[in-house]
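# Close look at the chain arrangement
Take a look at the letters that make up each chain.
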Amino acid sequence: MNDVKIYVVSKENYDEFVKDFEAKNGADAYIAISIKDYENLSLNFAELRRYIEQQKQIIVYYENAVKPEEEQPSD
Amino acid sequence: MFSSIRIALILVVLAGAGGAFMYVKNLQANLETARANVAKMEVALATSEESLALERSESKRLGELNTQLSSDLQRAEQYGDELRATLNKHNLTHLANKKPGLIQQRMQDATNKLWDDLESITAPTTGVQSTDSGTADTSSN
């Protein structure tokens, strides 16, 4: 996965953010997202994660279900 | 006259003996058929019992697998439930206004953990994994 840097900006640190951001990225254009939308984004990712995990479990279930029984060792 | 009667008696005895012989032969043939049928029935019964036992053990095994699957599917919802509880518990807007630096670090840590978790759950579970796979920092920051 590629890293994603998050900035939380309020009136308290806005000036500092603009200065730091411009120094690091060389431009002062950025994509902003509201707290509510960030929460929705998090919940959407949680849904995706749940879906992936459940699909994996279903695959494991079918793999085990169709797996032939192991033969008993004969003495 | 007596000799005729004697001959007749002998013929009757011989006919009776022949009839008895044929009757016994028929009985023996029927017995052989019955024995063969019993053997076939025993084989069929053994096969049926074997099938029944297999069906029972398969039914039990699939029942256990279903229980395991239900448990696993429920566990997969844990992350979302915890996230919803956390978001309901805290007023992020208020916290972000008051302590942006603290919230930024926590969001960054949670996001990094999410990427790691996603990478982990989408990694192949069997076979040899590529050694050059992993997190590559392509961020421009």
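Residues numbered from 1 in each chain as written. Chains lettered and ligands numbered in written order. Predicted model: local features only at pLDDT ≥ 70, side-chain atom pairs only at ≥ 80, totals over all residues.

This brings us to the overall build of chain B. In terms of helices and strands, chain B carries 4 helices and 0 strands. Put simply, chain B runs from its N terminus to its C terminus through helices and strands in the order α-α-α-α. Out of the 141 residues in chain B, the part that is buried amounts to 2%. (Helix = DSSP H or I, 4+ residues; strand = E, 2+ residues; numbered from the N terminus. Buried ≥ 20, exposed ≤ 12 C-beta atoms within 10 Å, placed from the backbone.)

Helix and strand content of chain A: 2 helices and 0 strands. Buried positions account for 7% of the 75 residues belonging to chain A.

At the junction of the two partners, chain B supplies 37 residues and chain A supplies 31 residues. Here the side of chain B that touches chain A is built from residues that sort into 18 nonpolar, 13 polar and 6 charged. (Contact = placed C-beta atoms within 7 Å. Nonpolar A, V, L, I, M, F, W, Y, C, P; charged D, E, K, R; others polar.)

On to helix H1 (residues 2-75) of chain B, then. Compared with the 110 Å implied by 1.5 Å per residue over 74 residues, the 108 Å span of H1(B) between its first and last C-alpha is a close match. Counting buried positions over the 74 residues of H1(B) gives 0, only a small fraction of the element. (Expected span 1.5 Å × (residues − 1).)

Remark: helix H2 (residues 35-66) of chain A packs on helix H4 (residues 100-121) of chain B, axes separated minimally by 10 Å, with the N-to-C direction vectors making an angle of 20°. On the basis of their axis angle, the class for H2(A) and H4(B) is roughly parallel. Between H2(A) and H4(B) lies a crossing whose hand is left-handed. Facing A:Phe45, A:Arg49, A:Ile52, A:Glu53 and A:Lys56 of H2(A), the residues of H4(B) in contact are B:Leu114, B:Asp117, B:Leu118 and B:Ile121. Grouping the amino acids of the contact of H2(A) with H4(B) by side-chain chemistry returns 5 nonpolar, no polar and 4 charged. (Axes fitted to C-alpha atoms, helices over the stretch in contact; angles between N-to-C directions. Parallel < 35°, antiparallel > 145°, perpendicular 65-115°, else oblique. Left-handed = near helix turned anticlockwise from the far one by under 90°.)

What follows deals with the packing of H2(A) against H1(B). Put simply, H2(A) and H1(B) touch, their axes get as near as 10 Å, and they point 170° apart. Viewed along their axes, H2(A) and H1(B) adopt a mutual orientation that is roughly antiparallel. Between H2(A) and H1(B), the contacting residues are A:Gln54, A:Gln57, A:Tyr61, A:Asn64 and A:Ala65 on the first element and B:Leu62, B:Leu65, B:Leu69, B:Asp72 and B:Leu73 on the second. Residues belonging to the contact of H2(A) with H1(B) are distributed by class as follows: 6 nonpolar, 3 polar and 1 charged.

Compared with the 16 Å implied by 1.5 Å per residue over 12 residues, the 16 Å span of helix H2 (residues 78-89) of chain B between its first and last C-alpha is a close match. Among the 12 residues in H2(B), 0 count as buried, and that is only a small part of the element.

Positionally, A:Val18 belongs in helix H1 (residues 14-25). With 12 residues separating them along the chain, A:Val18 and A:Tyr30 place their C-alpha atoms 10.0 Å apart.

Residues and elements named next belong to chain B. Put simply, chain B has an average pLDDT of 87, and 87% of its residues get 70 or more. In this model residues 127-141 is a low-confidence stretch, pLDDT under 50, and it forms 15 contacts with partners more than four residues away in sequence or in other chains. Across the whole predicted complex the pTM is 0.69, and at the interface the ipTM reaches 0.79. (pLDDT = per-residue confidence, 0-100.)

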